[in-house]
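Take a look at the letters that make up each chain.
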Amino acid sequence: AEALGARALDVPGALPHRLVLGEADSALLSRPPLEGRAIPPEGLVDPVAAQGARLVALGSEGGHVALELPAFESVDLFVGFLGVVAAAARARSLGALILRGYPPPVDDRVAFTTVTPDPGVVEVNMAPCRSATELLRASRAIHAAAAAAGLAPARRQYNGEVTDSGGGGHLTFGGPRPEASPFFVHPHLLPRLIAYLSRHPSLSYLFAGRAVGGSGQAVRPDEQARESFEELAVALDRLARAEAPSPERLAGALAPLLTDRFGNTHRAEVNVEKLWSPWLGERGRLGLVELRALRQAPRPAHEAARAALFRAVLARLAAQPFPIALTDHGADLHDRFALPFFLALDLDDVLDELRREGFGLGAPLVAELADDAHRVVGVAALDGETRLEVRRAIEHWPLVGDLSREAGTSRLVDSSTTRLELRLVGSELHRVQVGVRLSDASHRLPMVLHQSRRGVAAVFGVRYRSFAPSPGLHPDLAPLDPLELDVRGPEDALRIAVHGWIPGGGVYPGLPADDAEAARRRAERFVVEPAREPLAPMVAPPRSALSRYALDTRRVV
């Protein structure tokens, strides 16, 4: 009160200590705190500030001092007030303050992090960072605070599977002010970015959560309706011929087409809701672009590595020409690029191009981005140095048409289909056969031999129903558990069983207590045994069950 030149008074109720600057109606000085009151449809209005005065309410909460901030019409006033509060808090040796009340005014000097409860997770929207190093520092602080509160960026499932938390790891790019946004300073940056992401599916799938595809939360343009994809190609072509498209033209041409198949802009891989929208006021005209095909990062270093990757891509596209044209992958998008092997090769192409053009990331960041240990289901050694690596691949779960849920905000997908990648590495791969045991026969997989900078590998995918959903698709289709594989080399033969639950039956006593227990449960579900009895004959699968890169066992059983 002394520092502000305010008069002090006490009132009954919560936050009873009041500081008043200026003159205001006495009835307003004892108003209840803003906390817990409904926000009117027209928005928050501070009636005391409207009279040219200020009212600060103080009290104690959980052993800390809580302050309800008044409304400020300028950032200068807000920052000056915080300076006075900080000095008073230091003088009293306070360890923490709880600040609430009216939100502050915002310009490029004010940045804030928001923490919001969301179904199943706590959503943290970080303050803007000027560099990947700054983002790393902030991310470390957030992860440490979350750990202290008993929160984690990943979930341990009963069977030992470790998945992301279920939240998103979205990245938003822009400038300190709307007019300084790189998407306006370089008007062809956004069209080039859309074309670049179209060419490289690894940037859409490698770092995404498990629910991807046309029914996911970050739909690519080529996962929309076909006519929308073609219209986007027209829009990009016209923007490519424009010398310097304005913000209005950029947003007007692209925003209606960057959606999911149902027209939802918030479920598009590239979200431009806050680029230059005429419908959202100032919050819609911030020059921001959000990339949504990113799951919650498992650790701060991975979060920073992703940010560095996409920032390097944007810098390269801003500095140098890139053809503004969509790539039509056709069936390969959900077949070839469902396998981690080909996604990793595609990411290699991205990283190599960045390095050649002067935007390379360096070995530590590349190693962080290339880490796929979370995908490995198990490894089986065969004939010396030859081994079979089994990885969890990408599956594009379909939407279940359920009219009773049509009015809600959630969407029901059938997540019962699992896709695994089978990867043979080593020598004499052409002499190794891999089959999937179905009924009394082993269906031979036409492994695709591929030579790349990563060496020689033989790769193929297997799709199968891992559980029976309710509700879901195909109610008469039983789950396949375990998935049984036969591997035959020149000398050795193995039988591999990939179990979804405890081999032999039974239930787990509870969730894994730690990562070591989760790893133990995963390991016991991947059973490798020498083939002691004659293996079932190898037969060719029906052509209807084969794509170029996967066998769909659901069309065999």
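No experiment lies behind these values; they were computed from the predicted model shown. (Residues numbered from 1 in each chain as written. Predicted model: local features only at pLDDT ≥ 70, side-chain atom pairs only at ≥ 80, totals over all residues. Heavy atoms only, no water.)

**Brief notes about the overall build of the chain**
Counting secondary structure elements, the chain contains 13 helices and 24 strands. Once the C-alpha set of the chain is aligned to its principal axes, its extents read approximately 95 × 60 × 50 Å. Residues counted as buried form 43% of the 557 residues belonging to the chain. The long-range share in the chain, meaning contacts at least 24 apart out of those at least 6 apart in sequence, stands at 67%. Charge centroids of the chain, computed over 63 positive and 68 negative side chains, lie 2 Å from each other. (Helix = DSSP H or I, 4+ residues; strand = E, 2+ residues; numbered from the N terminus. Buried < 20%, exposed > 50% of the residue type's maximum accessible area, 1.4 Å probe, protein only. Contact = heavy atoms within 4.5 Å. Lys, Arg positive; Asp, Glu negative; His and termini not counted. Charge placed at Lys NZ, Arg CZ, Asp CG, Glu CD.)

**Quick notes on helix H6 (residues 189-199)**
Working note: α-helix, 3.6 residues per turn, so residues spaced by three or four point in the same direction. Of all eleven residues making up H6, ten are buried, and the element is well covered by its neighbours. Taken as a whole, H6 has its buried residues at Leu-189, Leu-190, Pro-191, Arg-192, Leu-193, Ile-194, Ala-195, Tyr-196, Leu-197 and Ser-198.

**Structural notes on the nonpolar core**
Ranked by size, the top nonpolar core spans 70 residues in total, and within it Phe-183, Leu-190, Leu-254, Leu-309, Phe-310 and Leu-347 carry the most contacts. In terms of residues, this core owes the most to one element, helix H10 (residues 300-319), which gives eleven residues. Non-local contacts of Leu-347, meaning those with residues more than four positions away in its chain, are made with Ser-202, Leu-203, Leu-206, Phe-207, Leu-309 and Leu-369. Grouped together as the second largest cluster of nonpolar side chains are 27 residues, Leu-382, Leu-388, Ala-458 and Leu-551 included. (Core = buried A, V, L, I, M, F, W, Y, C linked by side-chain atoms within 4.5 Å.)

**Things to note about the packing of H10 against helix H12 (residues 363-370)**
At a closest axis distance of 9 Å, the pairing of H10 and H12 adopts a crossing angle of 110°. Judged by the inter-axis angle, H10 sits roughly perpendicular to H12. Here Ala-301, His-302, Ala-305, Arg-306, Ala-308 and Leu-309 of H10 come into contact with H12, specifically with Leu-365, Glu-368 and Leu-369. Partitioning the contact of H10 with H12 into residue classes produces six nonpolar, one polar and two charged. (Axes fitted to C-alpha atoms, helices over the stretch in contact; angles between N-to-C directions. Parallel < 35°, antiparallel > 145°, perpendicular 65-115°, else oblique. Nonpolar A, V, L, I, M, F, W, Y, C, P; charged D, E, K, R; others polar.)

**Considering the pairing of strand S3 (residues 54-61)**
In terms of burial, S3 is a largely internal element, six of the eight residues being buried. Sheet topology note: the S3/strand S4 (residues 64-69) ladder contains five bridges and is antiparallel. By the bridge assignment for S4, Gly-59 is matched with Ala-66. A loop of two residues connects S3 with S4, the two strands running antiparallel in sequence, and Gly-62 in this loop sits at a positive phi of about 60°. (Pairing = 2+ DSSP bridges.)

**A few points about the packing of aromatic side chains**
All told, the structure shown has seven aromatic pairs when counted by the stated rule. Ring centres of Phe-341 and Phe-342 lie 5.1 Å apart, and the angle between their planes is 85°; this geometry places the pair in the edge-to-face category. The exposure classification of Phe-341 matches that of Phe-342, with both residues buried. Members of the aromatic cluster, connected to one another through ring pairs, are Phe-72, Phe-78 and Phe-81. (Phe/Tyr/Trp six-rings, centres within 6.5 Å; stacked < 30°, edge-to-face > 60°.)

**Some remarks on the sheet that holds strand S12 (residues 289-291)**
Spatially, the three strands line up as an open sheet ordered S10-S12-S11, and their pairing is antiparallel. Looking at the sheet topology across the chains shown, the edges are occupied by strand S10 (171-173) and strand S11 (270-271). The sheet contact formed by S10 and S12 spans three bridges and is antiparallel. Its bridge partner being in S12, Phe-173 is matched across the sheet by Val-289. Sheet contacts for H10: S10 and S12; angle to S10, the most-contacted strand, approximately 35°.

**A closer look at helix H4 (residues 132-148)**
Taking 1.5 Å as the rise per residue, H4 with 17 residues should run 24 Å; its terminal C-alpha atoms sit 24 Å apart, in good agreement. Residues of H4 that are buried: Ala-132, Leu-135, Leu-136, Ser-139 and His-143. On an axial view of H4, the arc spanned by its buried residues comes to 100°, and they lie on one face. Along H4, exposed side chains directed more than 90 degrees from the buried face belong to Arg-137 and Ala-148. (Expected span 1.5 Å × (residues − 1). Arc of directions from axis to C-beta.)

**A short note on the pattern of salt bridges**
Per the stated rule, a full pass over the model turns up 36 salt bridges. Glu-368 serves as the salt-bridge partner of Arg-299, at 2.7 Å between the closest nitrogen and oxygen. Of the two residues, Arg-299 is situated in the loop between S12 and H10 and Glu-368 in helix H12; the sequence distance between them amounts to 69 residues. Overall, Arg-299 belongs to the partly exposed group, its relative accessible area being 31%. Using a relative accessible area of 16% as the deciding quantity, one classes Glu-368 as buried. A salt bridge links Asp-552 to Arg-554; the nearest nitrogen and oxygen atoms lie 2.9 Å apart. On the basis of relative accessible area, Asp-552 is assigned to the buried category, the value being 9%. Connected through shared salt-bridge partners, Glu-395, Arg-419, Arg-463, Asp-552 and Arg-554 make up one network. (Salt bridge = Lys/Arg side-chain N within 4 Å of Asp/Glu carboxyl O.)

**What to know about the packing of H10 against helix H11 (residues 340-356)**
Their axes nearest at 10 Å, the elements H10 and H11 cross at an angle of 55°. Between H10 and H11, the angle is such that the two are oblique. Classified by chirality, the crossing of H11 by H10 is left-handed. Between H10 and H11, the residues in contact are Leu-309, Ala-312, Val-313 and Arg-316 and Leu-347, Val-350, Leu-351, Glu-353 and Leu-354, respectively. Here the residues of the contact of H10 with H11 sort into seven nonpolar, no polar and two charged. (Left-handed = near helix turned anticlockwise from the far one by under 90°.)

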